[in-house]
Amino acid sequence: MNLDVLKKQFCTYFGNGGEILAFASPGRVNLIGEHTDYNGGFVLPAAITLGTTIIARKRNDNIIRMRATDLDVLVEADLSSIENYRELTWGNYQLGVASELLRTGIKVPGCDLLYHDTTPHGGGLSSSAAIEVASALCMYYLATKHMPDMRDMAVIGQRAENNYVGVNCGIMDQFASALGKKDHAIFLDCKDLSFETVPLSLGSVRIVIANTNKKRSLITSKYNERRAECEEALRNLQTVLPHLTHLGCMTSKEFQSFSGAIKNSTVLRRAHHVIEECERVKQSVLALKKGQLTRFGQLMNESHSSLRDFYEVTGPELDTLAEAAQAQQGCLGSRMTGAGFGGCTVSLVENEAVEEFKKNVGTIYTEKIGYAPTFYVTDAGDGGRML
Ligand code: GLA
């Protein structure tokens, strides 16, 4: 939907007049570095070209009114009792952001907001981070008339999700949504949020995302369980390495010398994944810089195997998609992306092989799992911005 159409729709809902502004922020695909962000490790996500657009106008009172183009719902919230809307099924991400901005002293004003989302909901492409970062940018701008440091908006989005929505996610999704750059990936060190944009010189290769379309259940509790296992690994390692602050700060070599401190075999496998995955991210950045896409593809395949065998967050749907993809001609590499337990895979596929790839992987998946996946061929897009 183009901007003029959205603005017209906004006026139909909320009336004409005043200064009408527009903001956007994308979803993300993580190319490699999974379940490393909350361990202070490395990730390599890219923003995608699907995301959230907000049409916005300031009001002269303390009320936020929100609608979405694909939902028949009007949410009205009073900023002076912002903590009361946590249970909303739609609107809680946005109000969580308002709550976090208020907490940092930003005087979020009353406003009318129309949301238009193109990222599939619950599909593992961070539709929630797109909403959070776009909302943070929009509300910050309405309050101050200035553009914020987008790194701060990423942190506000993450806090909204942690504190208001109650999902204990890391920083990767919001960071990629806030700071994505067209045709680049973001090499982020999650221990201190230092980052570098890495050109994605893919040539004739495309990024193909495949959605398992699995209804995800228990994802939050399983995600939290993995986090707890990593915390246990860190505590065990700190008995021999008292200065170690994050699992993601350990090299593979150090881990070989000190892994004996971890007694529980499950916890040991989780830590093994995190440390090797961080090494793979660093190697991937080197491979991308040298234009070695085949090497990068191998690292993606290794990442998937580790998430299946050591971190155990894949499941039959993701494994079927990734394994079918890896076997196709013209596919350089394929892996699950995001939290796992359903959601999406990401594959690198030669442009001329994409149609055949979708057909073959789709058939194998449908025969085995019983319903079809959805494919998205995407490029790396820009992060949060005013339109
Ligand atoms: C989800 C979380 C991220 C990250 C990934 C796993 O997407 O929101 O913070 O932990 O899972 O890499």
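What comes next concerns the included structure. (Residues numbered from 1 in each chain as written. Predicted model: local features only at pLDDT ≥ 70, side-chain atom pairs only at ≥ 80, totals over all residues. Heavy atoms only, no water.)

Some details on the site of the ligand
Rules: Throughout, near means a residue has at least one heavy atom within 4 Å of the molecule or strand. Polar contacts here mean pairs of N or O atoms no more than 3.5 Å apart (in protein, one a potential hydrogen donor and the other a potential acceptor; neighbouring residues in sequence count only if both atoms are side-chain atoms). Here, Shrake-Rupley sampling with a 1.4 Å probe gives the accessible areas, and only protein chains in the shown set may cover a residue. Asp, Glu, Lys and Arg are counted as charged, while Ala, Val, Leu, Ile, Met, Phe, Trp, Tyr, Cys and Pro are counted as nonpolar; the rest, among them Gly, fall into the polar class.
In the vicinity of the ligand, the contacting residues are Arg28, Glu34, His35, Asp37, Tyr38, Cys169, Gly170, Met172, Asp173, Tyr223, Gly338 and Ala339. Measuring from an oxygen atom of the ligand, one finds a side-chain N or O atom of arginine 28 at 3.1 Å. Within the backbone of alanine 339, one N or O atom sits 3.4 Å away from an oxygen atom of the ligand. Protein contact buries 94% of the 310 Å² of open area that the ligand shows by itself. In terms of residue class, the shell around the ligand is built from 5 nonpolar, 3 polar and 4 charged.

A look at the pattern of salt bridges
We apply this condition: Definition used for salt bridges: Asp or Glu carboxyl oxygen within 4 Å of a side-chain nitrogen of Lys or Arg. Here's how the labels work: a residue is buried when its accessible area is under 20% of the maximum for its type, exposed when over 50%, partly exposed in between, all with a 1.4 Å probe on protein chains only. Every helix listed is a DSSP run of H or I at least four residues long, and every strand listed is a run of E at least two residues long, numbered separately from the N terminus.
Enumeration according to the criterion identifies 26 salt bridges in this entry. The partner of aspartate 61 in a salt bridge is arginine 59, and the shortest N-O contact between them spans 2.8 Å. Exposure remark for arginine 59: the relative accessible area of 21% places this residue in the partly exposed category. Among the ionic pairs, glutamate 229 bridges to arginine 270, the shortest N-O distance being 2.7 Å. Taken together, the positions of glutamate 229 in helix 6 (residues 219–238) and arginine 270 in helix 8 (residues 265–289) put the pair 41 residues apart, joining distant regions of the chain. Of the two residues, glutamate 229 and arginine 270, both sit in the buried class. Salt bridges linked by common partners bring Glu225, Arg226, Glu229, Arg269, Arg270 and Glu312 together as one network.

A short note on the sheet that holds strand 8 (residues 205–211)
Heads up, the rule is: Between any two strands, at least two bridges found by DSSP are needed for them to pair. Inter-axis angles, ranging from 0 to 180 degrees, are taken between N-to-C directions of lines fitted to C-alpha atoms, where helices are fitted over the stretch in contact. In this description, contact between two residues means that some pair of their heavy atoms is separated by no more than 4.5 Å.
Taken together, 4 strands build an open sheet; the order of strands is 9-10-8-11 and the sheet is antiparallel. What marks the edges here is a single partner per strand, and that holds for strand 9 (331–337) and strand 11 (374–378). Strand-to-strand twist across the sheet, computed as the mean angle between neighbouring axes with direction ignored, equals 20 degrees. Where strand 9 lies against strand 10 (residues 344–350), 6 bridges are found, and the strand directions are antiparallel. Following the sheet pairing, cysteine 331 is matched in strand 10 by valine 349. On the sheet, helix 11 (residues 354–369) packs against strand 8, strand 9, strand 10 and strand 11 and is oriented at approximately 155 degrees with respect to strand 11.

Brief notes about the packing of helix 9 (residues 293–309) against helix 10 (residues 316–326)
When two helices pack together, you describe them by how their axes are tilted relative to each other and by the distance separating the axes. To be explicit about the condition: Any angle between 65 and 115 degrees counts as roughly perpendicular, while under 35 counts as roughly parallel, over 145 as roughly antiparallel, and the rest as oblique. Handedness of a crossing follows from how the near helix is turned relative to the far one, being left-handed for an anticlockwise turn of less than a right angle and right-handed for a clockwise one.
For the pair helix 9 and helix 10, the least separation of the axes is 11 Å and the interaxial angle reads 155 degrees. Considering their axes alone, helix 9 and helix 10 lie roughly antiparallel with respect to each other. The crossing of helix 9 and helix 10 is left-handed. Counted together, Asn301, His304 and Arg308 of helix 9 and Leu318, Asp319, Ala322, Glu323 and Gln326 of helix 10 form the full contact between these two elements. Split by residue class, the contact of helix 9 with helix 10 holds 2 nonpolar, 3 polar and 3 charged.

Notes on helix 5 (residues 172–179)
With 8 of its 8 residues buried, helix 5 lies for the most part within the structure. Residues of helix 5 that are buried make contact with strand 1 (21–32), strand 2 (42–58), helix 3 (127–144), helix 4 (150–165), strand 6 (184–189) and strand 7 (194–199).

Concerning the packing of aromatic side chains
The condition that has to hold: In summary, the pairing rule links any two rings of Phe, Tyr or Trp, Trp by its six-membered ring, whose centres are within 6.5 Å, and it sorts them by plane angle into stacked for under 30 degrees, edge-to-face for over 60 and tilted for everything else.
Going through the model one piece at a time under the given rule, you end up with 9 aromatic pairs. Relative to phenylalanine 14, the ring of phenylalanine 10 lies with its centre 5.0 Å away and its plane at 55 degrees, an arrangement referred to as tilted. With phenylalanine 10 and phenylalanine 14 both in helix 1 (residues 3–14), this residue pair falls 4 residues apart, about one helical turn. By the burial criterion, phenylalanine 10 is buried, and phenylalanine 14 matches it. Judged by centre distance (5.8 Å) and plane angle (85 degrees), the ring pair of tryptophan 90 and tyrosine 115 falls under edge-to-face.

Notes on helix 4
Note: α-helices contain 3.6 residues per turn, so residues at a spacing of three or four share the same orientation. Put simply, the test is: For a helix, the expected span equals 1.5 Å multiplied by the number of residues minus one.
Spanning 16 residues, helix 4 covers 21 Å between terminal C-alpha atoms, matching the ideal 22 Å at 1.5 Å per step. Within helix 4, burial applies to Met150, Met153, Ala154, Ile156, Gly157, Gln158, Ala160, Glu161 and Tyr164. On its buried side, helix 4 packs onto helix 2 (92–103), helix 3 and helix 5.

Some points on the pairing of strand 9
Burial analysis of strand 9 places 7 of its 7 residues in the buried class, the great majority of the element. Remark: 6 residues form the turn of the hairpin made by strand 9 and strand 10, two consecutive strands paired antiparallel; glycine 338 in that turn has positive phi of roughly 95 degrees.

Focus: the nonpolar core
Quick note on the threshold: To qualify as a nonpolar core, a set must consist of buried Ala, Val, Leu, Ile, Met, Phe, Trp, Tyr and Cys residues joined through side-chain atoms within 4.5 Å.
Core analysis: the biggest nonpolar cluster contains 48 residues, and Ile64, Leu95, Leu101 and Leu113 have the highest contact counts within it. A per-element tally of this core places helix 3 first, with 10 residues. Discounting residues that sit within four places of it in the chain, leucine 113 has contacts with Phe10, Phe14, Ile54, Ile55, Ala56, Ile64, Arg65, Met66, Arg67, Cys138 and Met139. Core analysis: the next-biggest nonpolar cluster, separate from the first, contains 30 residues, Leu31, Phe42, Ala185 and Leu202 among them.

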